[in-house]
Amino acid sequence: MIDKPRVLVIDNEEVVLDSCAQILEGGEYQMDTAKDGAYGLDLVRKLAPDLVFVDLRMPGMSGIEVLERIRDEYPLIVTIVITGYATISSAVEAMKSGAYDFLPKPFTPDEFRMVTKRGVERRRLLLETASLRRERELLKEHFAAIVSHELKSPLASVQQNLMALGHELSGVLNESQATRLGRMKGSIDVLLKLIHTWLRAYSTDVDSIRGSFQPTSINAVVAGALETARPHAVRKDIHIDAGLADPDIHVHGDEGTLVEALANLLGNAVKYSRSGSRVQVRLQAQADTLTISVIDVGIGIPKEDLPFVFSGLRAGRAGIDSQPGAGLGLAITRQIVLAHRGTISVESEPGKGSTFTISLPILQTPGDDRPVPTGTAEMGSPKEALA
Amino acid sequence: MSPQERLLIIDDDPDFVAGIVSILAGAGYQVDTAYNPKDGLQALQAKHYDLLLLDIMMGRGAEGVMIARKLRKDPKLRETPVLVITGIREQIAFLFPGGPLHPHFVPVDELVEKPVEPQLLLEKVDSLLKAAQARKAQTT
């Protein structure tokens, strides 16, 4: 609506059309008129007006039908009903058919101007809302590209040059200089990881991974997750007890994202555990379901927070080593598990620890009716589990 | 420390390239740079390179993939080892859905993520050069 708002009046009475045109003439509107519904709809399609007045009672196509056609084809065009018999029922029916307002006949010039002004204002709001919605969708769609280029690339370049400097100046820098350089690298590393997590949560449609599902070894998933979680565990002197399934169990899934899901749980377990404690990974197969439990004896989760741990954007309280989280890891994990037609649950007691359990359908190989094995080797006593 | 191998790096981020070149030059490699796919392809045609370092996400999308495809089709260039350096691992996964993260563009290639530790970069470059030499010795 950069130009003057365009108003169309559809009415079979020429007197009404003329007086409407007169009232708005020379003002801030462009005015068009149509003598019947069919012609009116033609003009709607041709002129794309902002506001359309429709007489309810016309020979030929009824006002209600015109309203409904406009609503279906151009939901952003505002329609107002002109009705000679201002009964509530006809107005209500018109509103149901998409009209925004109604104007009872006969009306004064001021009444017509006021209703027009209100209708145009409504149109402005509708357009604004639509454009905001479009912007939001675009932003969401391109979030990955925007974030990766605007934030991640420059940070990666800075990091690359810090690394190069550290490499070139090794032996030249004194201890304090080397420490400071190391801290810079560390900070940028944290930022890069944070961006990575955000990207993951907002840009990846986890459902789309379903297309690439294939038989996936659960032992490979556990091994992959352990590899990811181990460096942090070693630094905190936390021992991760993880047994493998023997023989291996397979699920129908995507190894990369399953590793990510389990690594998130392990990462949390380590983060919220005290130095020197243990974290267990337990695999258990029952009938056609595989459960993977990650059990820690760390600080636990307050009861009132439990319902929200998977909902995302709730950064948990800082861990024992006061590392703030992005608060998205568990939300991503849940999305991944759901995409695999699995479930995830948590049990926790503050001060005693938490147990996160992922359940996944086991992939049954055709013609293989051996009992499904349970991985128990070096997995700690089953009694401790699921405390 | 006297390798005289000539390397080409194609990447549209000059700052990142600077951080890579200084590591490689420090190790004695001769390094040429190209900041867009077009210059990169021209350089590859004009000179012999012992190794190509290639960014995937350039310009309007995965233009690095386009270079890799051209390399693969060229009987001479396809023997050039390639070290793919990419910003985001997922983007590789998007480009090759269902495939392994490492796409194997040409017979000898490897993938590292940005940013890359100097020691890891030098190791990968060295092992790719050796692998390409071994392949050459086998076929001749």
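What counts as what
- Residues numbered from 1 in each chain as written.
- Chains lettered and ligands numbered in written order.
- Predicted model: local features only at pLDDT ≥ 70, side-chain atom pairs only at ≥ 80, totals over all residues.
- Helix = DSSP H or I, 4+ residues; strand = E, 2+ residues; numbered from the N terminus.
- pLDDT = per-residue confidence, 0-100.
- Pairing = 2+ DSSP bridges.
- Axes fitted to C-alpha atoms, helices over the stretch in contact; angles between N-to-C directions.
- Contact = placed C-beta atoms within 7 Å.
- Expected span 1.5 Å × (residues − 1).
- Buried ≥ 20, exposed ≤ 12 C-beta atoms within 10 Å, placed from the backbone.
- Nonpolar A, V, L, I, M, F, W, Y, C, P; charged D, E, K, R; others polar.
- Parallel < 35°, antiparallel > 145°, perpendicular 65-115°, else oblique.
- Left-handed = near helix turned anticlockwise from the far one by under 90°.
- Core = buried A, V, L, I, M, F, W, Y, C linked by C-beta atoms within 7 Å.
- Right-handed = clockwise from strand over helix to strand, strands pointing away.

Student: Could you clarify how one ought to interpret the environment of A:Glu260 in this entry?
Tutor: Looking at where A:Glu260 falls in the secondary structure, it is placed in helix H9 (residues 255–271). A C-alpha to C-alpha distance of 8.6 Å links A:Glu260 and A:Thr228, two positions 32 residues apart in sequence.

Student: It is not clear to me how the confidence of the model for chain B should be interpreted in this structure. Could you clarify?
Tutor: For any part of a model where pLDDT is low, the fine detail of the predicted coordinates should not be relied upon. When the pLDDT values of chain B are averaged, the result is 84; 84% of them are 70 or greater. Predicted complex metrics record ipTM = 0.81 and pTM = 0.50.

Student: Looking at this structure, how should I read the sheet that holds strand E12 (residues 353–361) of chain A?
Tutor: Sheets are built from strands paired through backbone hydrogen bonds, the pairs being either parallel or antiparallel. All names here are of chain A. Read from one edge of the open sheet, five strands run E7-E9-E10-E12-E11, paired in mixed fashion. Edge positions in the open sheet fall to strand E7 (239–242) and strand E11 (343–349), since each of these has one partner strand only. Strand-to-strand twist of the sheet, defined as the mean angle between neighbouring strand axes without regard to direction, takes the value 15°. The pairing of strand E10 (residues 289–296) with E12 spans seven bridges and is antiparallel. By the bridge assignment, Thr289 is partnered in E12 with Pro361. Helix H8 (residues 218–235) contacts E7, strand E9 (278–286) and E10 of the sheet and is inclined by roughly 175° relative to E7. The strands touched by H9 are E7, E9, E10 and E12; relative to E10, the strand with the most contacts, the crossing angle is about 25°.

Student: Any chance you could explain H9(A) here in plain terms?
Tutor: Owing to its 3.6 residues per turn, the α-helix brings residues three or four apart onto one side. Between its terminal C-alpha atoms H9(A) stretches 24 Å, which fits the 24 Å expected from 17 residues at 1.5 Å a residue. In terms of residue burial, H9(A) counts as a mostly covered element, since 14 of its 17 residues are buried.

Student: Explain the interface of chain A and chain B to me, please; I cannot follow it from the model alone.
Tutor: Think of interface size as the accessible area that goes away when the parts come together; that is how it is often given. With 16 residues of chain A at the interface, the matching set in chain B holds 19 residues. Residue contributions to the side of chain A that touches chain B peak at 12 residues, all from helix H6 (residues 143–168) of chain A. Taken together, the residues of the side of chain A that touches chain B sort by class into three nonpolar, 11 polar and two charged.

Student: What is the right way to read unusual backbone geometry from this model?
Tutor: Residues and elements named next belong to chain A. The omega angle of the peptide bond from Lys105 to Pro106 is -5°, so this bond is cis rather than trans. If you trace the backbone, Pro106 turns up in the loop between strand E5 (101–104) and helix H5 (109–141). Look at the link from Asp246 to Pro247: it is a cis peptide, with omega at -5°. Relative to the assigned elements, Pro247 resides in the loop between E7 and strand E8 (250–253). Positive phi values are uncommon outside glycine, yet Ala287 reaches one of about 50°. Residue classification places Ala287 among the exposed residues on the basis of 7 C-beta atoms within 10 Å.

Student: Explain the environment of A:Val337 to me, please; I cannot follow it from the model alone.
Tutor: Residue and element names in this part refer to chain A. Within the secondary structure, Val337 sits in helix H10 (residues 329–339). A count of 24 C-beta atoms within 10 Å places Val337 in the buried class. Spatially, the C-alpha atoms of Val337 and Leu360 are 7.7 Å apart, while their sequence positions differ by 23 residues. In this structure Val337 touches Ala261, Gly342, Thr343, Ile344 and Ile358, once residues within four positions along its chain are discounted.

Student: Got a minute to help me understand the packing of helix H2 (residues 37–46) of chain B against helix H3 (residues 63–73) of chain B in this structure?
Tutor: When two helices pack together, their arrangement is given by the angle between the helix axes and the distance between those axes. All names here are of chain B. One way to put it is that H2 packs onto H3 with a least axis distance of 10 Å and a crossing angle of 20°. In this view, H2 runs roughly parallel relative to H3, as classed from their interaxial angle. Seen from above, H2 lies across H3 with right-handed handedness. Listed contacts from H3 to Pro37, Gly40 and Leu41 of H2 are Glu63, Met66, Ile67 and Lys70.

Student: Looking at this structure, I do not really get the confidence of the model for chain A. What am I missing?
Tutor: Mean pLDDT over chain A works out to 83, with 83% of the residues at or above the 70 mark. Across chain A, the element-wise mean pLDDT spans from 81 in helix H4 (residues 88–96) of chain A up to 95 in strand E1 (residues 6–10) of chain A.

Student: Can you help me understand the nonpolar core in this one?
Tutor: Grouped burial of nonpolar side chains is what soluble globular proteins tend to show. All names here are of chain A. Counting 44 residues, the largest nonpolar core has Ile218, Ala225, Ile240, Leu262, Leu266, Val279 and Val294 as the members making the most contacts within it. Elements with a minimum of two residues in this core: H8, E7, H9, E9, E10, H10 and E12. A total of nine residues in this core trace back to one element, the largest contributor, which is H9. In contact with Ala225, not counting residues within four places along its chain, are Val259, Leu262, Ala263 and Leu266.

Student: Can you walk me through the environment of A:Glu14 in this structure?
Tutor: If you trace the backbone, A:Glu14 turns up in helix H1 (residues 14–24). Placed 19 residues apart in sequence, A:Glu14 and A:Thr33 show a C-alpha to C-alpha distance of 9.4 Å.

Student: How should the pairing of strand E1 (residues 6–10) of chain B be read in this particular structure?
Tutor: In regular strands, side chains alternate between the two faces of the sheet. Residue and element names in this part refer to chain B. When you tally the buried positions in E1, you get four out of five residues, the bulk of the element. When E1 meets strand E2 (residues 30–34), the two strands line up parallel, connected through five bridges. Residue pairing for E2: Leu7 is matched across the bridge by Val31. Each parallel crossover has a hand, and for E1 linked through helix H1 (residues 14–26) to E2 it is right-handed. As paired elements, E1 and strand E3 (residues 51–55) share four bridges and run parallel to each other. Across the sheet, Ile9 pairs through a bridge with Leu53, a residue of E3.

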